[in-house]
Amino acid sequence: MKFHHPRPGFTRCTFSLLGLLVLQAPAMAHLGGDADSVAADRDAMHAQLSSTPMQLYSLHEIDTPSGTVVHEYSTRPGTVFAVTWQGQLPPDLAQLFGNYYKQYQDAAAAHSRPGMHRQLNFANPDFVVESTGRLRSFRGKAYVPSLVPAGVSVAELQ
Amino acid sequence: MSAYVRWLALLSLCVLAGCGGGGGSSSDPSNSSGSSTSSSSSGVSSSSGSNVVTVTVNAGPAAAQGGTINIPYISVTLCQPGTSTCTTINDVLVDTGSSGLRMMASALQAAGLTQADLADPNNAGNTLAECVPFADGYTWGPLMSADVKIGGEVAPGVTVNIIDDNGSFAPAVPNNDHCATHGATSLNSVTAFAANGVLGVGVLDQDCGSSCAECASAVGGCNADNDIYYSCNTSNTCGFTPLAPTLQVRNPVALFAVDNNGVIVTLPAIPAAGQVGASGSLTFGIGTQANNALSSAAVVLTTDGAGNFTTTYNSQTLSSSFIDSGSNALYFPNGTTPETMITVCPDTQSDPNASDFYCPASPVSETAINRGQNGTMSTVPFEITNVNSLNANFYATPTIGGPATPAAMLGSSFDWGLPFFYGKSVYVAIDGMTAGSAIGPYNAY
């Protein structure tokens, strides 16, 4: 399995993000990536970032100037295990999905049907996407089941 | 093999001789000889009327290879602006869930209509193109200006999006922005929509609106987060560009002379088991003629700026719900307890995506409550049948449903697709327009 690439230094404390410390942005952020990747997503989206530590995970909210809101959820050690989005247009899902993007493309090609262009849902063993909307109103959630911390209910991630 | 696969496999045959042809009213101008002088229909309308065209649910265009169920079609005539050079295209999907006319390049080419790509007013020598995101893919292609005629109505010089399904548009899909990333897969084909085009008659005037018009002054300028329009140079390189609302792809109804505040989609009631096809009407204007009054019995649900209202189903509050003739089933989140869950079709080798639909052992009767932004509430009963039990020759089926995204961020959807329309007149009023006793955006039924 090619997901989950912990970076060297990925044990760096998640809370360093709290102070909005600007970290060295890696070339590509991704689901399954470390906390640095959240900052990379922020930069790619010209957005504001605020991070909140919760009991079982950290929530990073990225707000773009045009009103798109992306939430990235990372484990306490810092691995991004889920993302959600809402906006008039979808965000850059290649950026958000990283190594999982290929699965998304394949599933979209397989699931697309006439009369059914307002949603895309699929659940692969290691990657789940729930996506819906149309122009001016897109929303979705994607997560990697194997990375979800014990005790976290994915259904409740907004 | 599921009934659905059989539908898809159901080639040509045109079982639907009775409903075939997509035929608009016989008074439609025929190819290349239609007069461009608008008879703009402000006069008396008969019960049919120049503001009414026939909507047909059938197998659709031959190129759609047997089509799919519950797709409503009309005929649309496009003319080179200000001329009588026109062509009529059949099998155009009527979509209350989007705004603007999009035509397959192959259909226009086959009909012999040629029209230059729309010039970019901000970049001399450049032309305009658009990438439209859908939840499951994207379309890519140029813009053109056309006089769009539907029945007796004319939208002069309206921007139309050409979906480049035949490779006739030289600029490739731009990489590294939303066409390449948030859409995932190309929907540039007749088969992707089972239609030669999509007529978006939703609650909005323009497809994108102020975001695309004002993006130049946004932080970061026009980008994938705020724009879907491109300016393409003579080297076939395209980049994001702002586009004024009047030049954007617009709901043609908004440009009609009189009947420009919305539409009414009317389809007959049909048996729960479905039938081979259906024929109804698309009426232009609400309260503008003797034949299009807003019924005093109609429930008026005002929507938000995207056309959404709230549906409550099985104790789930679905705050981004909408009425969409472009969806061919009722797509809604399944129940969350054993008592409320509807059986989903099992995926199989022959149909690995069968689970896109519900398969209850016997038909289930459900209710949901719609609530408009204006607080108006309406209880809607509906029935879901095992999709595999439906007659594979039936193109109109009022009891088909599928599971929708259960838990997307900040509000999920009940997608009231075409089954909702059977036995109803559904009013769609355009944002900001007075339509009968209410002001759009609203849906009423």
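Refer to the structure presented above.
Rules and cut-offs
Residues numbered from 1 in each chain as written. Chains lettered and ligands numbered in written order. Predicted model: local features only at pLDDT ≥ 70, side-chain atom pairs only at ≥ 80, totals over all residues. Heavy atoms only, no water. Helix = DSSP H or I, 4+ residues; strand = E, 2+ residues; numbered from the N terminus. Buried < 20%, exposed > 50% of the residue type's maximum accessible area, 1.4 Å probe, protein only. Contact = heavy atoms within 4.5 Å. Areas by Shrake-Rupley, 256 points an atom, 1.4 Å probe, with all protein chains shown as cover. Salt bridge = Lys/Arg side-chain N within 4 Å of Asp/Glu carboxyl O. Phe/Tyr/Trp six-rings, centres within 6.5 Å; stacked < 30°, edge-to-face > 60°. Lys NZ or Arg CZ within 6 Å of the ring centre and 35° of its normal. Pairing = 2+ DSSP bridges. Buried area = accessible area lost by both parts, 1.4 Å probe. Polar contact = N/O pair within 3.5 Å; in protein donor to acceptor, adjacent residues only side chain to side chain. Nonpolar A, V, L, I, M, F, W, Y, C, P; charged D, E, K, R; others polar.

1. Comments concerning the overall build of chain B
Summing up its helical and strand segments, chain B has five helices and 24 strands in all. For chain B, the proportion of its 445 residues judged to be buried stands at 61%. Restricting the contact set of chain B to residue pairs at least 6 apart, pairs at least 24 apart contribute 70%. Looking at chain B as shown, the accessible area adds up to about 14,900 Å², and 52% of this sits on carbon and sulfur atoms.

2. Examining helix H2 (residues 35-44) of chain A
Residue and element names in this part refer to chain A. For H2, the tally of buried residues reaches eight of ten residues, placing the bulk of the element in the interior. Every buried residue of H2 is listed here: Ala-35, Asp-36, Ser-37, Val-38, Ala-39, Ala-40, Asp-41 and Arg-42. Positive phi appears at His-46, one or two residues downstream of H2, with a value of about 50 degrees.

3. A look at the side chain of Asn161(B)
Residues and elements named next belong to chain B. Position of Asn-161 relative to the elements: it lies in strand E7 (residues 153-163). In this structure Asn-161 comes out as buried when scored by relative accessible area, which is 1%. Setting aside residues up to four positions removed in sequence, Asn-161 forms contacts with Leu-101, Arg-102, Met-103, Glu-130, Val-132, Thr-139, Gly-141, Pro-142, Leu-143 and Val-249.

4. Quick notes on the pattern of salt bridges
The tally for this structure, following the rule as stated, stands at eight salt bridges over all chains. Among the ionic pairs, Arg113(A) bridges to Asp351(B), the shortest N-O distance being 4.0 Å. You can see Arg113(A) sitting in the loop between helix H4 (101-111) and strand E5 (119-124) and its partner Asp351(B) sitting in the loop between strand E16 (330-332) and strand E17 (364-371), one on each of two chains. Both residues of the pair, Arg113(A) and Asp351(B), count as buried. Residue Asp324(B) is joined to Arg118(A) by a salt bridge in which the shortest nitrogen-to-oxygen separation is 2.7 Å. Of this pair, Asp324(B) sits in the loop between strand E15 (316-323) and E16 while Arg118(A) sits in the loop between H4 and E5, placing the two residues on different chains.

5. Details of the packing of aromatic side chains
Each aromatic ring pair is described using two quantities: the centre-to-centre distance and the angle formed by the ring planes. Counted by the stated rule, this structure contains 27 aromatic pairs over all chains. Between Phe382(B) and Phe414(B), the ring centres sit 5.5 Å apart and the planes meet at 80 degrees, which makes this aromatic pair edge-to-face. Residue Phe382(B) is located in strand E18 (residues 377-384), and its partner Phe414(B) is located in the loop between strand E19 (401-403) and strand E20 (415-416); the two are separated by 32 residues in the primary sequence. Residue classification places Phe414(B) among the buried positions, given a relative accessible area of 0%. The lysine or arginine in question, Arg134(A), covers the ring of Phe322(B), its NZ or CZ lying 4.1 Å from the ring centre. We note Lys424(B) situated over the ring of Phe420(B); from NZ or CZ to the ring centre the distance is 4.1 Å.

6. So, the pairing of strand E4 (residues 99-104) of chain B
Residue and element names in this part refer to chain B. In terms of burial, E4 is largely enclosed, as six of its six residues are buried. As paired strands, E4 and strand E8 (residues 197-201) are joined by five bridges and run antiparallel to one another. Within the sheet, the bridge partner assigned to Met-103 lies in E8 and is Gly-197. Where E4 lies against E7, three bridges are found, and the strand directions are parallel.

7. Some thoughts on the sheet that holds E17(B)
Residue and element names in this part refer to chain B. Taken in spatial order, the seven strands line up as E18-E17-E14-E15-E20-E16-E19 in an open sheet, and their pairing is mixed. The sheet is open, and its two borders are formed by E18 and E19, each paired with just one other strand. Both strand E14 (residues 309-313) and E17 contribute to a ladder of three bridges, which runs antiparallel. Within E17, the position partnered with Thr-311 by the bridge is Asn-370.

8. Looking at the interface of chain A and chain B
Contacts between the two partners involve 49 residues from chain A, matched on the other side by 64 residues from chain B. Carbon and sulfur atoms make up 51% of the surface buried where chain A meets chain B, a total of about 4,600 Å² over both sides. Ranking the residues of chain A by area buried against chain B places Arg118(A), Arg134(A) and Arg136(A) at the top, with a combined share of 17%. Our count for the contact surface shared by chain A and chain B stands at four salt bridges. Linking chain A with chain B are 23 residue pairs in polar contact (both at pLDDT 80 or more). Of all the secondary structure elements, the ones that give two or more residues to the side of chain A that touches chain B are strand E3 (69-75), strand E4 (80-87), helix H3 (93-97), H4, E5, strand E6 (127-134) and strand E7 (137-143) of chain A. Per-element accounting of the side of chain A that touches chain B gives the leading share, seven residues, to H4(A). In terms of residue class, the side of chain A that touches chain B is made up of 20 nonpolar, 21 polar and eight charged.

On their own, these measurements won't tell you what the molecule is for.
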